[in-house]
Amino acid sequence: QTLRPKQILREFENTRQSRIDFMSIDLDAALTLVRIAEGVKDASKRYRNEANARRALDTILNAYRTTELMEDERELLDGKIAELKAALEQLGKFSE
């Protein structure tokens, strides 16, 4: 079955929105991991949560660079990215 131009545009928009949703949810999850790491006494658990948060940030930044964003979407993600970077910096796990 051949897709019509309107169907292609709709599929593109659905895919784009899914990427934005993924990035936003993953940023929230990464921030949760940082908060867990901040409160954990066990060094191995702290390290694991820090590393997972950093890995999530790297994945998100890669998707961010390749996703077409509207201004409000960019502002939302930029704010969450900045918050995650700051939290990781406090833990000593982020540098540009």
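Structure shown above.
Residues numbered from 1 in each chain as written. Predicted model: local features only at pLDDT ≥ 70, side-chain atom pairs only at ≥ 80, totals over all residues. Heavy atoms only, no water.

Attention now goes to the packing of helix H2 (residues 43-65) against helix H3 (residues 71-91). Across the interface, H2 lies against H3 with an axial gap of 11 Å and an inter-helix angle of 150 degrees. Classified by the angle their axes make, H2 and H3 are roughly antiparallel. As for the relative orientation of H2 and H3, their crossing is left-handed in sense. Mapping the contact onto sequence places Arg-46, Glu-50, Ala-53, Arg-54, Leu-57, Ile-60, Leu-61 and Tyr-64 in H2 and Arg-74, Leu-77, Asp-78, Ile-81, Leu-84, Lys-85, Leu-88 and Leu-91 in H3. Tallied by class, the residues present in the contact of H2 with H3 amount to 10 nonpolar, no polar and 6 charged. (Axes fitted to C-alpha atoms, helices over the stretch in contact; angles between N-to-C directions. Helix = DSSP H or I, 4+ residues; strand = E, 2+ residues; numbered from the N terminus. Parallel < 35°, antiparallel > 145°, perpendicular 65-115°, else oblique. Left-handed = near helix turned anticlockwise from the far one by under 90°. Contact = heavy atoms within 4.5 Å. Nonpolar A, V, L, I, M, F, W, Y, C, P; charged D, E, K, R; others polar.)

Another aspect to go through is the packing of helix H1 (residues 5-39) against H3. A pair of packed helices is characterised by two quantities: the angle between their axes and the separation of those axes. Between H1 and H3, the shortest axis-to-axis distance is 10 Å and the interhelical angle comes to 25 degrees. Relative to H3, H1 is oriented roughly parallel. By crossing handedness, the relation of H1 to H3 is classed as left-handed. By residue class, the composition of the contact of H1 with H3 is 14 nonpolar, 3 polar and 7 charged.

Turning to the environment of Leu-33, a few remarks are in order. By the secondary structure assignment, Leu-33 is in helix H1. With 22 residues separating them in the primary sequence, Leu-33 and Arg-55 have C-alpha atoms 11 Å apart. Excluding anything up to four places from it in sequence, Leu-33 contacts Asn-49, Asn-52 and Ala-53.

In terms of nonpolar packing, the biggest core is built from 21 residues, with Met-23, Val-34, Ile-81 and Leu-84 touching the most fellow members. Mapped by element, the contributors of at least two residues to this core are H1, H2 and H3. In this view, Met-23 contacts Ile-60, Ala-63, Tyr-64, Thr-67, Leu-69 and Leu-77; residues no more than four positions away in its chain are not counted. (Core = buried A, V, L, I, M, F, W, Y, C linked by side-chain atoms within 4.5 Å. Buried < 20%, exposed > 50% of the residue type's maximum accessible area, 1.4 Å probe, protein only.)

Helix length check: H3 (21 residues) gives 30 Å between terminal C-alpha atoms against 30 Å at 1.5 Å per residue, within 8%. Among the residues making up H3, those that are buried are Glu-73, Leu-77, Lys-80, Ile-81, Leu-84, Lys-85, Ala-87, Leu-88 and Leu-91. Buried residues of H3, viewed axially, fall in a sector of 165 degrees; they line one side. Exposed side of H3, more than 90 degrees from the buried face: Glu-71, Asp-72, Glu-75 and Gln-90 are the residues found there. The elements touched by buried residues of H3 are H1 and H2. Gly-92 lies just past H3 and shows a positive phi near 80 degrees. (Expected span 1.5 Å × (residues − 1). Arc of directions from axis to C-beta.)

Just geometry here; none of it tells us what the structure is for.
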